[in-house]
Amino acid sequence: AGDRRGDAGPGAAVGIEDDGVSEAPCEVWFYHLERSGLDQVLPELLERTLARGWKALVRSREADRVEHLDGWLWSYRDESFLPHGPSDEPQAARQPILLTTDFANPNGADVLFLVDGAEPGELAGYARCMIVFDGRDTAQLAVARAQWKAVKAKGHAAVYWKQQGRGWEKQA
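About the criteria used
Residues numbered from 1 in each chain as written. Predicted model: local features only at pLDDT ≥ 70, side-chain atom pairs only at ≥ 80, totals over all residues. Heavy atoms only, no water. Helix = DSSP H or I, 4+ residues; strand = E, 2+ residues; numbered from the N terminus. Buried < 20%, exposed > 50% of the residue type's maximum accessible area, 1.4 Å probe, protein only. Contact = heavy atoms within 4.5 Å. Areas by Shrake-Rupley, 256 points an atom, 1.4 Å probe, with all protein chains shown as cover. Pairing = 2+ DSSP bridges. Core = buried A, V, L, I, M, F, W, Y, C linked by side-chain atoms within 4.5 Å. pLDDT = per-residue confidence, 0-100. Salt bridge = Lys/Arg side-chain N within 4 Å of Asp/Glu carboxyl O. Phe/Tyr/Trp six-rings, centres within 6.5 Å; stacked < 30°, edge-to-face > 60°.

## A few points about the overall build of the chain
Within the chain one finds four helices and nine strands. Counting from the amino terminus, helix and strand elements in the chain follow one another as β-α-β-α-β-α-β-β-β-β-α-β-β. For the chain, buried positions account for 47% of its 172 residues. Taking the contacts inside the chain whose residues are at least 6 apart along the sequence as the reference set, 66% of them involve residues at least 24 apart. Accessible area of the chain: about 8,500 Å², with a carbon and sulfur share of 47%.

Shown next as structure tokens:
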């Protein structure tokens with residue numbers, strides 16, 4: 001039915017492997033989690049973002065999520081960590097990955113990650129916007145559906161990837 005990526009990692013599924021930051025309008029990628037949680041998927045997406053030389057902004061609606069991710073990204077894997085910081089700390093603008101509940105983009109991020117139903121706000125200046133949601137959570141699913149309609153109505157290119165048993169499948 002869709003464009004099957006088999007065992008391709010989440011970065012391949014979301015197009016982070018593309019070269020350079022485009023001057024084109026922001027592309028919005030919906031990332032539907034079904035088999036793994038945010039804690040498992042987000043670090044790999046962020047690693048691939050940094051590998052491209054891009055900066056990331058991770059926006060949540062919840063300050064508790066920002067606090068959790070701040071600790072998690074330092075320790076999610078024994079042999080590595082992701083350089084990051086919350087937006088309320090000194091030198092936030094210098095962080096390659098910034099965690100926030102705000103709409104500002106002080107680190108000049110190329111990729112905006114939205115979690116927990118966070119709203120995108122203005123997308124100008126971003127190459128990609130990744131809306132990552134848990135398909136097992138009916139509230140997150142409803143928010144993602146509304147965001148899909150709003151993104152399409154604003155004329156942004158939108159792609160929908162759904163987590164499958166062995167990789168990711170492009171649904172739309």
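## Points about the pairing of strand β7 (residues 128–134)
For β7, the tally of buried residues reaches six of seven residues, placing the bulk of the element in the interior. Where strand β2 (residues 27–33) and β7 come together, seven bridges link them in parallel fashion. Looking at β7, one finds that Glu-27 is bridged to Arg-128. Note: strand β6 (residues 111–115) against β7, four bridges, orientation parallel. Paired with Leu-112 across the two strands is Cys-129, which belongs to β7.

## Digging into the nonpolar core
Note on soluble globular proteins: their nonpolar side chains tend to be buried together. In this structure, Tyr-31, Leu-46, Val-58, Phe-113 and Val-132 are the most contacted members of the largest nonpolar core, which totals 26 residues. Listing elements by their share of this core, those giving two or more residues are β2, α2 (38–51), β3 (56–60), α3 (63–75), β5 (97–100), β6, β7 and β8 (158–164). Here this core takes five residues from α2, the largest share from any one element. Counting 20 residues, the second largest nonpolar core, distinct from the first, contains Ala-92, Leu-98, Leu-141 and Ala-144.

## Details of the confidence of the model for the chain
Here the chain shows a mean pLDDT of 85. Residues at 70 or above account for 86%. When pLDDT is averaged over each element of the chain, β3 comes out on top at 98 and strand β1 (residues 3–4) at the bottom at 38. This model gives residues 1–22 a pLDDT under 50, and the stretch forms 62 contacts once residues within four places in sequence are excluded.

## Points about the pattern of salt bridges
Counted under the stated rule, the structure contains eight salt bridges. Taking the shortest distance from any N to any O, the salt bridge between Arg-48 and Glu-44 comes out at 3.5 Å. Separated by four residues within a single helix, Arg-48 and Glu-44 lie in helix α2, roughly one turn from each other. Using a relative accessible area of 33% as the deciding quantity, one classes Arg-48 as partly exposed. Classification of Glu-44 as partly exposed rests on a relative accessible area of 26%. For the salt bridge of Arg-61 with Glu-119, the shortest nitrogen-to-oxygen distance reads 3.3 Å. Linking Arg-61 in the loop between β3 and α3 with Glu-119 in the loop between β6 and β7, this pair joins segments that are 58 residues apart in sequence. Overall, the relative accessible area of 35% leaves Glu-119 in the partly exposed class. The network of salt bridges with shared partners includes Glu-47, Arg-77 and Glu-79.

## Let's talk about the packing of aromatic side chains
Scanning the entire structure with this criterion turns up five aromatic pairs. An angle of 65° between the planes, with centres 5.1 Å apart, marks the rings of Phe-30 and Trp-148 as edge-to-face. With a gap of 118 residues between them, Phe-30 in strand β2 and Trp-148 in helix α4 (residues 138–153) connect regions that are remote in the sequence. On the basis of relative accessibility, which here comes to 1%, the residue Phe-30 falls in the buried class. With a centroid separation of 6.4 Å and 80° between ring planes, the pair formed by Trp-148 and Tyr-160 is classed as edge-to-face. In this pair, Trp-148 sits in helix α4 while Tyr-160 sits in strand β8, placing the two residues 12 residues apart along the sequence. Relative accessible area serves as the criterion here: at 23%, Trp-148 is assigned to the partly exposed category. An aromatic cluster is present here, built from Phe-30, Phe-133, Trp-148 and Tyr-160 joined pairwise through their rings.

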